[in-house]
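Examining the three-dimensional arrangement
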Amino acid sequence: AIQEVDTMQYIQLSLCGLLWMWLPLCHGWAIKPDPNRIKADAKMLSRTLITRIQEHPIQYLFPSNLKFSGLDFIPDDQLLESLEHMDETLEVFQKILSSLPLENVDQMLSDMENLRSLLQLLSSIMGCTARKPTQTDSLVNLTEEYAKAPYTTEKVALDRLQKSLHSIVKHLDHITGC
């Protein structure tokens, strides 16, 4: 009988200890994300993506000064100075890269999705309205152009994505609005 009382006391003490540890969770406050930290993370992820592009095997097979036509649907030489424009451009590149039978792009696509999530989080912190996904017909052109010149299309897509990522890194610290 004495042993049963001791066991009950340990159970009660354990239960009280557990409840005591949960007490701070009941009174916790949500931590507001730091915009500067999000920008730093987005810049780091952009640089990681740039490195992945530079190390992609297609970069060693073809020169950067290729002449081409018909690839106007792939974003090029844009100043990405707004969060919405950055997200929109990355969305287009996600659609393009996921449509091409390029090897070794799964991690790039994952990184782009994470980068878009960071930009969308920063956008919501700044009070911007959520952007709706764009509906583009550019994938029809992509299929046609890829059939004509697959390696050129792949090379141009990766090169232009890299330029866009450089623009994001350059302009992200100067973003003041949506």
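A few points on the structure. Here the structure is a predicted model, which means the values were calculated and not measured. (Residues numbered from 1 in each chain as written. Predicted model: local features only at pLDDT ≥ 70, side-chain atom pairs only at ≥ 80, totals over all residues. Heavy atoms only, no water.)

Before going further, it helps to spend a moment on the overall build of the chain. Broken down by element type, the chain carries seven helices and zero strands. Helices and strands in the chain line up, N terminus first, as α-α-α-α-α-α-α. Intrachain contacts of the chain at a sequence separation of at least 6 include 85% that bridge at least 24 residues. For the chain, the exposed surface amounts to about 11,500 Å²; the carbon and sulfur share of it is 57%. (Helix = DSSP H or I, 4+ residues; strand = E, 2+ residues; numbered from the N terminus. Contact = heavy atoms within 4.5 Å. Areas by Shrake-Rupley, 256 points an atom, 1.4 Å probe, with all protein chains shown as cover.)

For the structure on display, the rule yields six salt bridges. Between D111 and R52 there is a salt bridge, with its nearest N and O atoms 2.6 Å apart. Placement of the pair is D111 in helix α5 (residues 106–125) and R52 in helix α2 (residues 35–54), with a sequence separation of 59 residues. The exposure class assigned to R52 is partly exposed, which follows from its relative accessible area of 32%. Between D87 and R116 there is a salt bridge, with the nearest N and O atoms lying 2.6 Å from each other. With D87 in helix α4 (residues 83–99) and R116 in helix α5, this residue pair connects regions lying 29 residues apart in the sequence. The buried category is assigned to D87, whose relative accessible area is 5%. Relative accessible area serves as the criterion here: at 11%, R116 is assigned to the buried category. (Salt bridge = Lys/Arg side-chain N within 4 Å of Asp/Glu carboxyl O. Buried < 20%, exposed > 50% of the residue type's maximum accessible area, 1.4 Å probe, protein only.)

With respect to the element layout, L122 can be found in helix α5. Here L122 falls in the buried class, since its relative accessible area comes to 0%. Sequence spacing of L122 and N36 is 86 residues, and the spatial spacing of their C-alpha atoms is 9.2 Å. Every residue in contact with L122, bar those within four places of it in the chain, is listed here: P35, I38, K39, L83 and L172.

The subject of this paragraph is the packing of α4 against helix α7 (residues 150–171). The interhelical angle for the contact between α4 and α7, taken along N-to-C directions, is 160 degrees, at an axis separation of 11 Å. Between α4 and α7, the angle is such that the two are roughly antiparallel. Note on packing geometry: the crossing formed by α4 with α7 is left-handed. Where α4 abuts α7, its residues M86, T89, L90, F93, I96 and L97 lie against A157, L158, R160, L161, S164, L165, I168 and H171. Classifying every residue of the contact of α4 with α7 gives ten nonpolar, three polar and one charged. (Axes fitted to C-alpha atoms, helices over the stretch in contact; angles between N-to-C directions. Parallel < 35°, antiparallel > 145°, perpendicular 65-115°, else oblique. Left-handed = near helix turned anticlockwise from the far one by under 90°. Nonpolar A, V, L, I, M, F, W, Y, C, P; charged D, E, K, R; others polar.)

As a further point, take the nonpolar core. Ranked by internal contacts, the top residues of the largest apolar core, which has 37 residues, are L97 and L165. Elements with a contribution of two residues or more to this core: α2, α4, α5 and α7. Sequence-distant contacts of L97, that is, excluding residues within four places in its chain, are made with L102, V105, L109, M112, A157, L158 and L161. (Core = buried A, V, L, I, M, F, W, Y, C linked by side-chain atoms within 4.5 Å.)

So, about the environment of V105. Note that V105 resides in the loop between α4 and α5. On the accessibility criterion, V105 (4% relative accessible area) is buried. In the structure, V105 is positioned 49 residues away from H56 in sequence and 8.6 Å away in space, judged by C-alpha atoms. Contacts of V105, omitting those with residues within four sequence positions, involve H56 and L97.

On to α7. With 22 residues, α7 should cover 32 Å at 1.5 Å per step; its first-to-last C-alpha distance of 32 Å lies within 8% of that length. A large share of α7 lies buried, amounting to 16 of its 22 residues. (Expected span 1.5 Å × (residues − 1).)

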